[in-house]
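Analysis of the macromolecular model
Here is how the chains run, residue by residue.
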Amino acid sequence: MKQKKFILPESEIPTAWFNIQAIMPNKPLPILHPGTRQPLKAEDLYPIFCEECSNQELDTTNEWIPIPEEVRQQYAAYRCTPLVRAYELEEALGTPAHIYFKNESVSPAGSHKLNSALAQAYYAKKQGITNITTETGAGQWGGALSYAAKKFGIDCAVYMVKASYNQKPYRRSIMQCFDAAITPSPSMSTRAGKDILTINPNDQGSLGTAISEAIELAVSTPNCKYTLGSVLNHVCLHQTVIGLEAEKQMELAGEYPDIVIACFGGGSNFSGIAYPFMRHNIQEGKKTRFIAAEPSSCPKLTRGKFEYDFGDEAGLTPLLPMYTIGHTFKPATIHAGGLRYHGAGVIMSQLMKDGFMEAIDLDQTETFKAGVLFARTEGIIPAPESCHAIAATIREALKCKETGEQKTILFNLSGHGFVDMSAYDQYFSGEMSNYVLTDEELAKYQASADALNQ
Ligand SMILES: *Cc1c(COP(=O)(O)O)cnc(C)c1O
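About the criteria used
- Residues numbered from 1 in each chain as written.
- Predicted model: local features only at pLDDT ≥ 70, side-chain atom pairs only at ≥ 80, totals over all residues.
- Heavy atoms only, no water.
- Salt bridge = Lys/Arg side-chain N within 4 Å of Asp/Glu carboxyl O.
- Helix = DSSP H or I, 4+ residues; strand = E, 2+ residues; numbered from the N terminus.
- Buried < 20%, exposed > 50% of the residue type's maximum accessible area, 1.4 Å probe, protein only.
- Pairing = 2+ DSSP bridges.
- Axes fitted to C-alpha atoms, helices over the stretch in contact; angles between N-to-C directions.

Inspection of every chain in the model, using the stated rule, returns 19 salt bridges. With a shortest N-O distance of 3.2 Å, Arg-289 and Glu-396 are connected by a salt bridge. Placement of the pair is Arg-289 in strand β11 (residues 289-295) and Glu-396 in helix α17 (residues 384-403), with a sequence separation of 107 residues. Residue Arg-289 is classed as partly exposed on the basis of its relative accessible area of 26%. Assessed through its relative accessible area of 7%, Glu-396 is described here as buried. With its nearest N and O atoms 3.7 Å apart, the salt bridge here joins Lys-407 to Glu-405. Overall, the relative accessible area of 24% leaves Lys-407 in the partly exposed class. Overlapping salt bridges bring together Arg-79, Lys-102, Glu-104 and Glu-245 as one network.

Strand order across the open sheet formed by four strands is β8-β7-β6-β9, with parallel pairing between neighbours. Edge positions in the sheet fall to β8 (181-185) and β9 (224-226), since each of these pairs with one other strand and no more. On average, each strand axis in the sheet is tilted by 25° relative to the strand beside it, whichever way the strands run. With five bridges joining them, strand β7 (residues 155-161) and β8 adopt parallel strand pairing. Within β8, the residue paired with Val-161 across the bridge is Ser-185.

Structural measurements only, silent on function.
This is the structure in structure tokens:
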């Protein structure tokens, strides 16, 4: 029998996260205060985020950040996650490539997002915070945070974009199972929500509005902090448990990846699988390629610009130096809800600029075709987001078939698609369309970021 899964015992759950900022040849540019345009200090973030996360956000010196025992204990509910050799996918493709995937879909929340949710909930609890809040669009982050808050005994309030609240009832039910308070946004519970509803009582909400409501709640409520599930440096830091485990598991398999692939929304699962391997490129001259797979409908890495931009639609956040297609970007309603963010995280953007990683964009139908092949060969129905990583992997594996090269490819299976079966329904009914951002649309959105850089 050929070995299919490479499993590590709980005792191998990493004891420290890897902070790539400490070893980057060019450190990220500073995050700027939107009013004064001065670099932000960690203390400037304290009113919004808990202190430990704020400190981690701006830590460019400590290469290893210890993982608290309480967080490792919670990780033990699903970590170490399996590394799996995709023999049947390889066979279906007829490729000489060896394909491995790290299965983050086994977490109780069904995705990698719990790796950071648990850390953020723990640090909040430790600081004496009693409530945490956030926004959620598709609902994956809200689900992960609800679970994490429950585990650490704090209350969780989620503002869910009203359109999703009505269209994605199962994600809402998941959050309810974990005891979160869910408010459809816009709501009458905040100034920001009231302002919008006064003008249009039927407003269906947007991620931008939900962010504004959650931040308003956090800064106006004692002992309440805001949390984010992607993009920010501390979130990407927490995800490095994925790659640190994978590194040991690849060793068990007796291989080292030539190519590492992940789907890309704000960049947290990409960071998680990539950075621990990328450190060997930076420090030892290894030549692994790192590929971020993004949707053609939201092509910030492949067609965006590296410049300062707001992190949110309303323009309330600090200015972030990043690849962006403009904060006024209005995403098409593709199914990979987690990949529709207009910018890339600050660290990934610098690494991209410096040539340490590459990116490709993919049409929605190609990604679902890949997802279905993966389900039929490897038996796991992937999240629409993860389908992008699979499609990118298949492209590389087919290149190997042409050239006869036996490369080792590792991708991150960021989550499963159980709550997204309606997306698969649409694919099977032949009603799925592709949305490629036109040059005109791109120019219009990009102008909103360009204006901040003059
Ligand atoms: C949220 C999400 C993503 C995208 O977020 P990143 O921060 O880019 O990783 C990808 N896959 C799944 C399953 C998600 O829930």
